[in-house]
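Tertiary structure, described
This is what each chain is made of:
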Amino acid sequence: MSMRLRVKDLAGTAVASLPPRGDWREGAVHSVYHHTVNIRLENGTLISLISRRAPLHPFAIRLDEDEMERLQGIREGGACRATQAEIRLDGQNGPVVLSWGREQLKNLSADRLRGAAPTAAILEILNRKAEENAGKSALGFIADPTLNSPLLPWRDRIYRLIAAALRAESKEAVWVGKQLVGLGWGLTPTCDDFMAGMLAAFWFNRDYPVRKLAELGECLAVCGETQTTAVSAQFLKWAAKGYFSQGILELLECLRGKDEVCLCAKLQQLLSMGHSSGCDTLMGIVCGMRYGGTWI
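An account of the accompanying structure is given in this report. Keep in mind the model is a prediction, meaning the values are calculated, not measured.

**What about the side chain of Ser-31?**
Take Ser-31: it is sitting in strand E3 (residues 25–32). Residue classification places Ser-31 among the buried positions, given a relative accessible area of 5%. A distance of 3.0 Å separates the side chain of Ser-31 from the side chain of His-30, its partner in a polar contact. When near neighbours in sequence (up to four residues on either side) are disregarded, Ser-31 contacts Thr-36, Val-37, Asn-38 and Glu-76.

**Here's the deal with the sheet that holds strand E7 (residues 79–83)**
Taken in spatial order, the 10 strands make up an open sheet running E1-E9-E8-E7-E3-E4-E5-E6-E2-E10, and their pairing is mixed. The open sheet is flanked by strand E1 (3–5) and strand E10 (105–106), the only strands paired with a single partner. Of the pairings in the sheet, the one linking strand E5 (residues 46–51) to strand E6 (residues 60–63) comprises four bridges and is parallel in character. Its bridge partner lying in E6, Leu-49 is registered against Ile-61. On the sheet, helix H8 (residues 230–240) packs against E3, strand E4 (36–41) and E5 and is oriented at approximately 100° with respect to E5.

**Here we look at the pairing of strand E9 (residues 94–99)**
For E1 and E9, the ladder comprises three bridges, and the chain directions are parallel. Following the sheet pairing, Met-3 is matched in E9 by Val-96. Relative to E9, strand E8 (residues 86–91) is paired through six bridges, and the arrangement is antiparallel. Note on E9: the bridge partner recorded for Glu-86 is Ser-99. Adjacent in sequence and paired antiparallel, E8 and E9 are bridged by two residues.

Conventions and cut-offs
- Residues numbered from 1 in each chain as written.
- Predicted model: local features only at pLDDT ≥ 70, side-chain atom pairs only at ≥ 80, totals over all residues.
- Heavy atoms only, no water.
- Helix = DSSP H or I, 4+ residues; strand = E, 2+ residues; numbered from the N terminus.
- Buried < 20%, exposed > 50% of the residue type's maximum accessible area, 1.4 Å probe, protein only.
- Polar contact = N/O pair within 3.5 Å; in protein donor to acceptor, adjacent residues only side chain to side chain.
- Contact = heavy atoms within 4.5 Å.
- Pairing = 2+ DSSP bridges.
- Axes fitted to C-alpha atoms, helices over the stretch in contact; angles between N-to-C directions.

Spelled out as structure tokens, the structure:
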């Protein structure tokens, strides 16, 4: 007898990457963590099953809290099958089935947030928060040049990437960016989170040349396929197309308005992501928001 789990919501991009309804695709459980189960289909597509407490991201299906506990019998390497409206996993006590409806799909595109530039007061809060938390990121020297870091040997290349990206010089940014994909630590390495944050800021800015942005994003995504972790590669893949985690999008939404209290709350939410992922991402967003201004 199969066990059916309740889906809270899921990214529309996650569903779009699945085969058409009725056309099943085989796969296997890629990795299992306390609040996440990643599955990989035979075409390379990665899907994350996550707790409702985690921010939704572009390849995620979010489950009700108690449902994650029922996935404890899922093990790495276990078989799975997926179609447009359902995923089946082999559990220790029989099949585990997830299904959903169209009303549960969420749009995680940054493109829909394009609009007026943030006010000076809002940007000041963003910059100040980055400076206050610089010590929590290996890229903190971007906000506070006095900080030491294991990534200091790559500082000049990181600065070259930022400068080229801010000038929309995609060829130079691509050449340097290739050397930085996968650099750092964690399930999503430091420089990957940073570059995803910078891409988010560029997608948010309606004045950034879309063609140049696509060139940079696509190159980083291609490099990610061989240079970084499977999870991080998926984040870069979707960032290249303008899709980001819910926490990043909610922060960008606040940047469009004048609600400083809301912005501070969303900044704190972002900073709580992972061991340093939120801080690394914030460094990228802060740098990306300088397009059209000055850089070091």
